[in-house]
Amino acid sequence: MMDRPEPNPAPPAGQDPADVHRVRLGRREIVLIGTAHVSRSSVDLVRRTLEAERPDAVCVELDPRRYRAMSQREWWTALDLKAVIRQRQLATLVANLALAAYQRRIGHRLGVPPGTEFLEAARWAEAAGAEVVLADRDVRITLKRAWRRTPVLRRLTLAASLAAGLFERVDLTPERVEELKRSDVLNGLIRELGETLPSLKEVLIDERDAYIAERIRRAPGGRVAAVVGAGHVAGIRRRLIEGRGADLAALEEVPPPSPAARAAAWGVPGLILALLAAVAVRKGAAAAGDDLVYWVLANGIPSAAGALLALAHPATLAAAFLAAPVTSLTPVIGAGYVTALVQAYVRPPLVADFERAGADITRPTAWWRNRLLRVFLSFVLPSIGSLVGTWLGGYRLVHTLFLRP
């Protein structure tokens, strides 16, 4: 029999009843505390509520990786940058830095680092002997699922929006500060996101609501407190009340590329090779040889130019020139991954680069001074150069085959 919600009892003195919600699951009681991530009042609310409720377990909207990064100043000592590049997670790392930097800028204006309420909840639980449950899904999985679910043209829009938000001026009026602390505004933003990008909203909000609700349901103890962003409260509460479970393993899977994406990934190299073979058959080996040399130069030179614009190491420039003509003919690996890996080996980031990355990422000129961010530049700019070269080389093959007498 499904558990029905009960009216929220009167909260302890000083507590805002709009931010604290109770759900009874049989003999268990779940206390949901909705917060704003950059609000001092939210930090105080969490502390007061936990002291009053004395829960057996405390769930927080963090995954182990984010918790380690927030709670340990030197989180990057455990980061293997070369492994990140080999596993094709460099873009995810930079996206995390960008999102964290944006929140940090707002938090700096408000005097509260983002996520302080989560750390406060975890510290209280450890001191009180309650179990800490890191209830959120790994942020890398969330970003990958969101990326895979977003159409290609919308991906460009997302990337542009992220870049614009990263460098825009954060102007917080007193009225805007208060809006950031109100859950109804947060829910309004989520609804707007759902209208513009339904697939993105599903991954970032709905799936995480289901994931966090299931982690809360599985938390030990008769009384469980969950500290989550205000925008997640309604979805989590609804799932708990309705008794809808979630398959955590399924929500942690990264879906493979769509058949169309796989076809496109293999189709371009296949087309280039087919055109080269057709030139050899119809125009002769000499013409095919000339076009092959053009292909190498058309790919290698722009890619190396991209590495030069990144102020990469000379070894990275050489790697860009040599790798681009080959990687352009296979979807398995791109030129940017080769150049980023080489740059990370020959110019590994220093301690100071990791410490400054969050601040430097918001200043365009600082990207060339920070070795960590320069690795990312050494990934992006040679990749763009290789893409340009692929179009130039493809046009040359088409011209030779159909337009040259």
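Right above here is the structure, for reference.
Residues numbered from 1 in each chain as written. Predicted model: local features only at pLDDT ≥ 70, side-chain atom pairs only at ≥ 80, totals over all residues. Heavy atoms only, no water.

1. Here we look at the overall build of the protein
Consideration 1: Across its full length, the protein holds 18 helices and five strands.
Consideration 2: For the protein, the residues scored as buried account for 44% of the 405 residues in total.
Consideration 3: Summed over its atoms, the accessible surface of the protein is roughly 20,300 Å², and 61% of this surface lies on carbon and sulfur atoms. (Helix = DSSP H or I, 4+ residues; strand = E, 2+ residues; numbered from the N terminus. Buried < 20%, exposed > 50% of the residue type's maximum accessible area, 1.4 Å probe, protein only. Areas by Shrake-Rupley, 256 points an atom, 1.4 Å probe, with all protein chains shown as cover.)

2. Looking at the packing of aromatic side chains
Consideration 1: Inspection of the entire model under this criterion finds three aromatic pairs.
Consideration 2: Between the NZ or CZ atom of Lys82 and the centre of the ring of Tyr345, over which it lies, the distance is 4.9 Å.
Consideration 3: A cation over an aromatic ring shows up here: Arg396 above the ring of Tyr294, its NZ or CZ 4.6 Å from the ring centre. (Phe/Tyr/Trp six-rings, centres within 6.5 Å; stacked < 30°, edge-to-face > 60°. Lys NZ or Arg CZ within 6 Å of the ring centre and 35° of its normal.)

3. Some remarks on helix 5 (residues 116-128)
Consideration 1: Across its 13 residues, helix 5 extends 18 Å between first and last C-alpha, which sits within 8% of the 18 Å expected from 1.5 Å per residue.
Consideration 2: Among the residues making up helix 5, those that are buried are Thr116, Glu117, Phe118, Leu119, Glu120, Ala121, Ala122, Trp124 and Ala125.
Consideration 3: In this structure, the buried residues of helix 5 make contact with strand 2 (28-35), helix 1 (40-53), strand 3 (57-60), helix 2 (64-71), strand 4 (131-134) and strand 5 (223-229).
Consideration 4: One or two positions beyond helix 5, positive phi appears at Gly129, with a value near 80 degrees. (Expected span 1.5 Å × (residues − 1). Contact = heavy atoms within 4.5 Å.)

4. With respect to the environment of Arg137
Consideration 1: On the secondary structure map, Arg137 appears in the loop between strand 4 and helix 6 (139-149).
Consideration 2: Expressed as a C-alpha distance, the spacing of Arg137 and Arg208, which sit 71 residues apart in the sequence, is 6.8 Å.
Consideration 3: Filtering out sequence-adjacent residues up to four positions away, Arg137 remains in contact with Asp63, Thr142, Arg145, Val203, Glu207, Arg208, Tyr211 and Leu251.
Consideration 4: A distance of 3.0 Å separates the side chain of Arg137 from the side chain of Thr142, its partner in a polar contact.
Consideration 5: For Arg137, the side chain forms a polar contact with the main-chain oxygen of Val203, separated by 3.1 Å. (Polar contact = N/O pair within 3.5 Å; in protein donor to acceptor, adjacent residues only side chain to side chain.)

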